[in-house]
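# Examining the three-dimensional arrangement
One-letter residues, chain by chain:
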Amino acid sequence: MSVLAGCGTQPDKTPTKTNKPLIVGTEPSFPPFEMAENDTYTGFDIDLANAIGEKLGRKVEIKAMGFDALKSGQIDMIASAMSATEERKKQVDFTAPYYIGGSVIVVQKDNTTIHGWDDITGKTVAVQAGSKPADFAEKQGAVLKQFDGNYQCLQELQNGGSDAVAIDKAVALYYVSKGGMNNLKVVGEPKKLAGSA
């Protein structure tokens, strides 16, 4: 689920004129929403953050930072796939979701034993640490191998170091169709946060 998150105070409806840049945090291993290309960040969330900055009349600075940077005041907002969990809602303000995709399982194309979430119990599953797919996989009884980014998880699967990957559907489809990982496949139905459409 991709959302924009801001600090925990209610914003004024009228934009304030300031020369201070809008510092936007992102986790740039979530294509097609955010990714790093050389020294530049691109993707839908980056475009959206830039549009918000333009609307506010503020220059946008994109920084690759963890979600905790928002609470500590290092950034003004997050433009990234940050799931709007009830616990997080107590700490930061979220926009309405603008994309709900769900979490899926990815396996090698020749895998005939894992067909979805029910089949990963007891299996070694690569996950991005702290992600919603990691939570889902843990609750399903998988043995987790945790990595910093989604690409590392998929590489681990390609190298035979895991049986599957639990990952966001949009990211999985991007890498399988465009990221040079056409030896992998998405299986099963996506899991979504409770209350997601």
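Below: a short report on this structure.

## So, the overall build of the chain
Along its length, the chain carries 6 helices and 13 strands. For the chain, the residues scored as buried account for 42% of the 197 residues in total. Expressed as a percentage of contacts within the chain between residues at least 6 apart in sequence, the contacts between residues at least 24 apart total 66%. When the accessible area of the chain is evaluated, it comes to approximately 10500 Å², of which 48% is carbon and sulfur surface.

## Quick notes on the pattern of salt bridges
Side chains bearing opposite charge may pair, as long as their charged atoms lie close to each other. Scanning the entire structure with this criterion turns up 5 salt bridges. With a shortest N-O distance of 2.5 Å, Lys 145 and Glu 156 are connected by a salt bridge. Of the two residues, Lys 145 sits in strand E11 (residues 143-147) while Glu 156 sits in helix H5 (residues 150-158), which places them 11 residues apart along the sequence.

## Points about the side chain of Ser 103
Secondary-structure assignment places Ser 103 in strand E9 (residues 103-108). When near neighbours in sequence (up to four residues on either side) are disregarded, Ser 103 contacts Trp 117, Lys 132, Pro 133, Phe 136, Ile 167, Asp 168, Lys 169, Glu 189, Pro 190 and Lys 191.

## Considerations on the sheet that holds strand E10 (residues 124-128)
Sheet strands pair via backbone hydrogen bonds, and the direction of the pair is either parallel or antiparallel. Spatially, 5 strands are ordered E11-E10-E12-E9-E13 in an open sheet, and the strand pairing comes out mixed. Looking at the sheet topology across the chains shown, the edges are occupied by E11 and strand E13 (184-191). On average, each strand axis in the sheet is tilted by 30° relative to the strand beside it, whichever way the strands run. Here E9 pairs with E13 via 5 bridges, running antiparallel. Counterpart to Ser 103 in the pairing with E13 is Lys 191.

## Quick look at helix H4 (residues 132-139)
For H4, the full list of buried residues reads Lys 132, Pro 133, Ala 134, Phe 136 and Ala 137. Check the buried side of H4 and you find it contacts E9, E10, E11, strand E12 (164-168) and E13. Note on H4: the residue one or two positions beyond its end, Gly 141, has a positive phi of about 90°.

Calculation rules
- Residues numbered from 1 in each chain as written.
- Predicted model: local features only at pLDDT ≥ 70, side-chain atom pairs only at ≥ 80, totals over all residues.
- Heavy atoms only, no water.
- Helix = DSSP H or I, 4+ residues; strand = E, 2+ residues; numbered from the N terminus.
- Buried < 20%, exposed > 50% of the residue type's maximum accessible area, 1.4 Å probe, protein only.
- Contact = heavy atoms within 4.5 Å.
- Areas by Shrake-Rupley, 256 points an atom, 1.4 Å probe, with all protein chains shown as cover.
- Salt bridge = Lys/Arg side-chain N within 4 Å of Asp/Glu carboxyl O.
- Pairing = 2+ DSSP bridges.
- Axes fitted to C-alpha atoms, helices over the stretch in contact; angles between N-to-C directions.

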